[in-house]
Amino acid sequence: MSRVPIPRKVTLSFTWLSTGALFSRFFSQMADLSGMRKPYHSTEDAFDIDHLVSLDPMQQFKAWLDEACKEKTILEPNAMALATATKDGIPSVRMILMKGFDASGFRFFTNFNSRKAVELNSNPRVSMMFYWEPLKKSVRIDGTVEKLPEEKSTEYFSVRPKDSQLGALASNQSSVISGRHALLSTYQELQEKYAQQESVPKPEYWGGYLVKPFVYEFWQGQTNRLHDRLRFRKLREGEMLDESVMHRGEADWIIERLSP
Ligand SMILES: Cc1cc2nc3c(=O)[nH]c(=O)nc-3n(C[C@H](O)[C@H](O)[C@H](O)COP(=O)(O)O)c2cc1C
């Protein structure tokens, strides 16, 4: 029996049909998260101006961080997302660990050749975000960075575990490498080099930044999505205090409630 040749046009449309069907099946299985939602806070325990423990935003941050530190299911309460942008506004974000704060600002450490550091060199503006999921609370902080003095970076580097010190030395952070083996062999060479030493000297391309905050936003989730958002900011030049929507905070901070 002779075979009926399938015209090329038909084969193509079959290919398209099956690819399209597969694609939509994949998508319907992979992308439908519409049912994913968890309860947050109830209206009874909303977060309002009266609930602030301080009118100084850093003290308020400290109170929430303390709460997060006491919550055993939060393993890294100091973990935060740090957003930077190039000079022309192309953004990037990554997780980092905040390593301390005081009245001068928030400290974190990194490699000065990394993508974030290159961006910070040309644009010192950052936005950072803590989210403590079990508490349904988050804090966003906008600010500008400056490098910490070299001695502060050296001081912190010296208290890091030796493995982390070697890791910082082995990694030219954010650069492309041929594979994990390349990283490991550099690490092993460094382990041998510093085998007799208890600690490792800080490389000059590694150190800390200080984020000097100019806006804080405290967010607490509500199950009905009427989330609480309290923002601390400074008055802009020439701006008058509008007492119908602004509350006086400590120093020259003003506090406003934002719509969720
Ligand atoms: C929880 C967590 C904490 C991190 N802490 C730091 C940190 O403190 N400093 C750092 O340079 N990278 C840290 N990283 C790695 C960064 O997320 C990122 O991969 C790295 O800094 C390179 O980012 P970049 O290429 O955008 O500069 C951390 C990652 C995670 C998930």
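See above for the structure.
Parameters at a glance
- Residues numbered from 1 in each chain as written.
- Predicted model: local features only at pLDDT ≥ 70, side-chain atom pairs only at ≥ 80, totals over all residues.
- Heavy atoms only, no water.
- Core = buried A, V, L, I, M, F, W, Y, C linked by side-chain atoms within 4.5 Å.
- Buried < 20%, exposed > 50% of the residue type's maximum accessible area, 1.4 Å probe, protein only.
- Helix = DSSP H or I, 4+ residues; strand = E, 2+ residues; numbered from the N terminus.
- Contact = heavy atoms within 4.5 Å.
- Phe/Tyr/Trp six-rings, centres within 6.5 Å; stacked < 30°, edge-to-face > 60°.
- Near = heavy atom within 4 Å.
- Polar contact = N/O pair within 3.5 Å; in protein donor to acceptor, adjacent residues only side chain to side chain.
- Areas by Shrake-Rupley, 256 points an atom, 1.4 Å probe, with all protein chains shown as cover.
- Pairing = 2+ DSSP bridges.
- Salt bridge = Lys/Arg side-chain N within 4 Å of Asp/Glu carboxyl O.

1. Considerations on the nonpolar core
Here comes step 1: Formed by 34 residues in total, the largest nonpolar core has its most connected members in Phe 61, Phe 106, Phe 108, Trp 132 and Tyr 216.
Here comes step 2: Top element by residues in this core is helix H2 (residues 57-70). It accounts for 5 residues.
Here comes step 3: Contacts of Trp 132, omitting those with residues within four sequence positions, involve Phe 61, Trp 64, Leu 65, Ala 68, Ile 74, Pro 77, Lys 137 and Val 139.
Here comes step 4: Listed in part, the 14 residues of the second largest apolar core include Leu 148, Tyr 156, Phe 157 and Leu 169.

2. A few points about the packing of aromatic side chains
Here comes step 1: Inspection of the entire model under this criterion finds 20 aromatic pairs.
Here comes step 2: When the ring of Phe 61 is compared with that of Phe 106, the centres are 5.1 Å apart and the planes differ by 90°; the resulting orientation is edge-to-face. Here Phe 61, found in helix H2, pairs with Phe 106, found in strand S4 (residues 105-111); they are 45 residues apart in sequence, far enough to count as distant. Taken as a pair, Phe 61 and Phe 106 share a single burial class, namely buried.
Here comes step 3: Measuring from ring centre to ring centre gives 6.1 Å for Tyr 156 and Trp 206, while their planes differ by 20°; the resulting arrangement is stacked. With Tyr 156 in helix H4 (residues 150-159) and Trp 206 in strand S7 (residues 206-220), this residue pair connects regions lying 50 residues apart in the sequence.
Here comes step 4: With a relative accessible area of 19%, Tyr 156 lands in the buried category.

3. A look at the site of the ligand
Here comes step 1: Close to the ligand lie Glu 76, Arg 94, Met 95, Ile 96, Leu 97, Phe 109, Thr 110, Ser 114, Arg 115, Lys 116, Gln 173 and Ser 174.
Here comes step 2: Here an oxygen atom of the ligand sits 2.7 Å away from a polar atom, N or O, in the side chain of Arg 94.
Here comes step 3: Within the backbone of Phe 109, a nitrogen or oxygen atom sits 2.9 Å from a nitrogen atom of the ligand.
Here comes step 4: Burial of the ligand by the protein chains amounts to 65% of its free accessible area of 620 Å².

4. Topic: the pairing of strand S10 (residues 253-257)
Along a regular strand, successive side chains alternate from one face of the sheet to the other.
Here comes step 1: The buried count for S10 comes to 4 of 5 residues, which makes it a mostly enclosed element.
Here comes step 2: The sheet contact formed by strand S9 (residues 246-248) and S10 spans 3 bridges and is antiparallel. Directly across from His 247, in S10, lies its bridge partner Ile 255.
Here comes step 3: With antiparallel pairing between neighbouring strands as the criterion, S9 and S10 make up a hairpin whose turn holds 4 residues, including Ala 251 at a positive phi of roughly 50°.

5. Things to note about the environment of Met 240
Here comes step 1: With respect to the secondary-structure elements, Met 240 resides in the loop between strand S8 (228-234) and S9.
Here comes step 2: Apart from the residues lying within four places of it in its own chain, the contact partners of Met 240 are Leu 235 and Met 246.

6. Here's the deal with unusual backbone geometry
Here comes step 1: You will see that Lys 136, though not glycine, has its phi angle at about 55°, which is positive.
Here comes step 2: By secondary structure assignment, the location of Lys 136 is in the loop between strand S5 (125-132) and strand S6 (137-147).

7. A short note on the pattern of salt bridges
Here comes step 1: For the structure on display, the rule yields 17 salt bridges.
Here comes step 2: Arg 140 is paired through a salt bridge with Glu 217; the nearest N and O atoms lie 2.8 Å apart. Residue Arg 140 is found in strand S6, and its partner Glu 217 is found in strand S7; the two are separated by 77 residues along the sequence.
Here comes step 3: On the accessibility criterion, Glu 217 (6% relative accessible area) is buried.
Here comes step 4: One network of salt bridges, in which partners are shared, links Arg 231, Arg 233, Arg 236, Glu 239 and Glu 256.

8. Examining the environment of Glu 119
Here comes step 1: Positionally, Glu 119 belongs in helix H3 (residues 115-122).
Here comes step 2: Here Glu 119 falls in the buried class, since its relative accessible area comes to 5%.
Here comes step 3: Sequence-wise, Glu 119 and Thr 84 are 35 residues apart; in three dimensions their C-alpha atoms are separated by 6.5 Å.
Here comes step 4: Sequence-distant contacts of Glu 119, defined by excluding residues within four places in its chain, comprise Thr 84, Ala 85, Thr 86, Ile 90, Ser 92 and Arg 94.
Here comes step 5: Within polar-contact distance, the side chain of Glu 119 engages the side chain of Ser 92 at 2.7 Å.

9. Focus: the side chain of Thr 84
Here comes step 1: Residue position: Thr 84 is located in strand S1 (residues 79-85).
Here comes step 2: A residue is classified by how much of its surface remains accessible, and Thr 84, at 3% relative accessible area, is buried.
Here comes step 3: Only 3.1 Å separates the side chain of Thr 84 from the side chain of Arg 94, close enough to count as a polar contact.
Here comes step 4: At a separation of 2.6 Å, a polar atom in the side chain of Thr 84 contacts the side chain of Glu 119.
Here comes step 5: For Thr 84, the contacting residues outside a window of four places in its chain are Ile 90, Pro 91, Ser 92, Arg 94, Lys 116, Glu 119, Leu 120, Arg 125 and Val 126.

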